[in-house]
Each structure stands twice: as structure tokens, then as C-alpha cells.
Amino acid sequence: MAVANQGKEIVTLQIGHYSNFVGTHWWNLQEASFIYSPSESEREDYKEVNHDVLFREGITLTGQQTYTPRLVSIDLKGSLNTLRQEGSLYDIASSDDIRWAGDVTLHQSSATKKNKFLEDLETRDCTDVKRLKLKDNEDEKEGQACVSYGGEKDGVFGPRLYDLDNCIDVWSDFSRVHLHRKSVFLAQQYQHNSDIEFFDVFGQGRQLFHATIGEVEERLRFFTEECDNLQGFQLLVDQYNGFGGLGAEIAQYLQDDYSHKAILTLPVSPTLYQNNSIYYDTCRTVNNVLSMSNLANHSSLVVPMSLAPGSWKGSSGAVSFPHLTYKVCSIFGLFETNFKYSKITLSNKIR
């Protein structure tokens, strides 16, 4: 009996700002592994990895084909910087009429400037679109690729180096993957990096879940209902703040509504915190305990990930190794190592 190469789709949820940082590195790695014009030898190796497990095909209202992550990303208001919540793939030119007879005062803020990395990515995307149009007009031979990311000296994949450590503020500042308009959800009840109202207590996350369950459920159902053979869910959760409570409630919701599906939960925590007072250290300790306890009760497997020597209290930095030099963002490598097997195509036969 042969094993069918079914999709076995997985829906990813990134719950929290640090989780989105880790997830963005990981999605960039997935996109970098795409081979757009494989040679004969590369084609055989490429068949071993099934990217449809994580990505979905789609089409915009203008007929443009898309290949975007099967992702629900949850963060707070003001955490996207230059990225819009609906993404950039579904731009539809429209003009809204203001139905008001009185005077109108327009308040307009200056747009946030993109860093050089994002500017080069935007330039590359525009160039690729022009090439695709040229291909359609000239009716090139079938199978000849117009888009070649690996061999071009376009600044993004060429010799240019970007100092992203010192020029990014939020996770969208270095994201190279286009997202579906249903992927990003911003909770309007709290402001990112607010000095007035903090989102740092486990119970706040639980309250936020009940206030936003409709929006979250709509996005989840959009991605799950189009799957042919849903394998399960993977959750990246900030366990040390209010997102721990939100993630625990979402895990319980998934367990109740998708009881026969696997739930892999990856609680993540950074190596340094902005506030290291006794109050915040105590809050983080309580949040970590409550998050781990609740996530373990509603998940098939829980794999905590952190490069800090201890994730329960404030840390003085990343753990050091005698013969290894690395950056903190290397935590996404742990994520890829844990998850890679689920993308391997089942091609062997069971006799």
C-alpha cells in the first residue's frame, strides 16, 4: 500500500510581539529555501520538502497569484510600523466620499520611512512583476523562469550587508514574506510599548481573548476550512506577559473545537527585558508559571524555547558557550530543527 502525498496542512499562530520576531526570522528562512528555477539535481532535492504544509496558494482581486503563509499573527495596536494590517497584496484603489455638509479638517501624519532592507525588497518585487508581465507578452517557452532570486546582485541577495540589529524596531521591519490580509490581527484594547497601560499580566490576556474571540475565530476558520487534510496547529506564545493568558485561552479553544488535531505549543521568552524591577520580575515569574501550566493542559506537546540562562526571572543576557559565537535571533534555528520533519514529503511505500 502506497502512502499518499497528502498536504497535511499546518496552521501557525504567533501570539505576542517576541513570538512574531521569532516567527518572522523563521518565515524568512522558509521563503529563502524556495527554488524558483531548479536544475535537475536541485529538483530531486526540492521534492523532499513540501512547502504546501505551511503555505497556501491564493489569488487577489486583480488576478495576481499569491503564495502566503497559513498564519494568524496576533499583536497589539501600533506594533507594525510600515506594514499595514491588511498587507500589500490586496491593494484596491478606491476613493471614499465624505458625506458631511459641514467643514472638514484633515489631520495627516507623515508616513514611517522604510529601512534600506525593505526598500530593496520593494524594488525587487516591482522588478519581478515587470518581468512576469514581459513573459506573458512575449509568450516565452513553458518552464522557463522569469524570477531568479538566488543569482542576482540585487542588493538583497547580493554582496550588500544590512545592519538590521541597529535599524529595526518591530518584527515587520525585516519581514520579507508577503502575508495574507487575514493573517495579522491587532488588538485595539492595548497599545504596543505604552507607558500608560501595560499588557503584562496573565489575566489581561484571558480578558482580551473574550473581547476578541470573534476576530480570532474568523481568521482561524478562514485558514482551516480551506485545508484538505489539516494536520494541526503550532503556536508561538509570549509566556512572560499578558500574551501568555491569551495563548492559553486560544489553546483551549483549539482543543475544544479541533479535538482530533495536534497542537504543538512553543512558549518563547527573550534574553533581556526592558524593566527588571522587583514588581516586573514577580509578574514575569507568575506569568511563566501560569502560562506553562495552562498551555501544557491544552496542548499535545509543549517545547519552551529561550536562549536565556533562566526564563523565570529577569536575565542578564543570553547563555554563553565556550566555542560558539551566535546572535540571539538564532532561536529560530531551534524552531526550524524541531519542525522540519513535518514538511518532509512521504514518498516511501509501506508494504
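## A closer look at the pattern of salt bridges
Going through the model one piece at a time under the given rule, you end up with eight salt bridges. The residue Glu31 makes a salt bridge to Arg176 at a minimum N-O spacing of 2.5 Å. One end of the pair, Glu31, is in helix α1 (residues 17-32); the other, Arg176, is in the loop between α3 (116-138) and β5 (184-191), and 145 residues separate them in sequence. A relative accessible area of 8% means that Glu31 is categorised as buried. Judged by its relative accessible area of 16%, Arg176 is buried. For the salt bridge of Arg56 with Glu226, the shortest nitrogen-to-oxygen distance reads 2.4 Å. Note that Arg56 is positioned in strand β2 (residues 55-59) and Glu226 in the loop between α4 (202-224) and β6 (232-238), a separation of 170 residues in sequence.

## Some words on α1
Under the 1.5 Å per step criterion, the end-to-end length of α1 is 23 Å for 16 residues, consistent within 8% with the ideal 22 Å. Here α1 lies mainly inside the structure; 13 of its 16 residues are buried.

## Details of the pairing of strand β4 (residues 71-77)
Counting buried positions along β4 gives six out of seven residues, so the element sits mostly inside the fold. Where strand β1 (residues 10-15) meets β4, four bridges bridge the pair, whose relative direction is parallel. Within the sheet, the bridge partner assigned to Ile15 lies in β4 and is Ile74. In terms of strand pairing, β4 meets β5 through five bridges, oriented parallel. By the bridge assignment, Ser73 is partnered in β5 with Val184.

## Examining the sheet that holds strand β8 (residues 301-302)
The sheet built from six strands is open, its strands ordered β5-β4-β1-β6-β7-β8 with parallel pairing. Edge positions in the sheet fall to β5 and β8, since each has one partner strand and no second. Examined bridge by bridge, β6 and strand β7 (residues 262-268) share seven bridges and lie parallel to one another. Paired with Leu235 across the strands is Thr265, a residue of β7. Those strands touched by α4 are β1, β4, β5 and β6, and its axis lies near 165° from that of β5.

## Considering the environment of Gly23
Position of Gly23 among the secondary structure elements: in helix α1. Considered as a pair, Gly23 and Ser175 are 152 residues apart in the sequence and their alpha carbons are 9.6 Å apart. Residue contacts for Gly23: discarding those within four places in its chain leaves Gln14 and Leu236.

## Describing the side chain of Arg284
Mapped onto the secondary structure, Arg284 falls in helix α6 (residues 278-297). Side-chain polar atoms of Arg284 contact the side chain of Asp281, separated by 2.6 Å.

## Notes on the side chain of Glu249
Relative to the helices and strands, Glu249 is located in helix α5 (residues 242-257). Beyond its immediate chain neighbours, meaning those up to four positions away, Glu249 contacts Arg206, Phe209 and His210.

## Describing α5
Helix length check: α5, at 16 residues, gives a terminal C-alpha distance of 23 Å against a target of 22 Å (1.5 Å per residue), a fit within 8%. For α5, the buried fraction is high: 12 of the 16 residues fall into the buried class. Its side-chain oxygen at 3.0 Å from the backbone nitrogen of Phe243, Asn241 defines the N-terminal cap of α5.

## Focus on the confidence of the model for the chain
Detailed conclusions should not be drawn from predicted coordinates in areas where pLDDT is low. Counting all residues, the mean pLDDT for the chain is 77, and 64% of those residues have values of 70 or more. Within the model, pLDDT remains below 50 along residues 132-136, and this stretch shows five contacts once partners closer than five positions in the same chain are excluded. Below a pLDDT of 50 lies the segment residues 139-155, which in the model reaches 25 contacts outside its immediate sequence neighbourhood of four places, other chains included.

## Structural notes on the environment of Phe233
Mapped onto the fold, Phe233 is located in strand β6. Sequence separation between Phe233 and Ser300 is 67 residues; the distance between their C-alpha atoms is 9.8 Å. Those residues in contact with Phe233 that lie beyond four places of it in its chain are Ile10, Val11, Leu13, Leu220, Thr224, Leu254, Tyr258, Lys261, Ala262, Ile263 and Leu264.

## As for unusual backbone geometry
In this structure, Asn193 is a non-glycine residue whose phi angle is positive, near 55°. As for its placement among the helices and strands, Asn193 is situated in the loop between β5 and α4. Here Asn193 falls in the exposed class, since its relative accessible area comes to 53%.

Procedures and definitions
- Residues numbered from 1 in each chain as written.
- Predicted model: local features only at pLDDT ≥ 70, side-chain atom pairs only at ≥ 80, totals over all residues.
- Heavy atoms only, no water.
- Salt bridge = Lys/Arg side-chain N within 4 Å of Asp/Glu carboxyl O.
- Helix = DSSP H or I, 4+ residues; strand = E, 2+ residues; numbered from the N terminus.
- Buried < 20%, exposed > 50% of the residue type's maximum accessible area, 1.4 Å probe, protein only.
- Expected span 1.5 Å × (residues − 1).
- Pairing = 2+ DSSP bridges.
- Contact = heavy atoms within 4.5 Å.
- Axes fitted to C-alpha atoms, helices over the stretch in contact; angles between N-to-C directions.
- Polar contact = N/O pair within 3.5 Å; in protein donor to acceptor, adjacent residues only side chain to side chain.
- pLDDT = per-residue confidence, 0-100.

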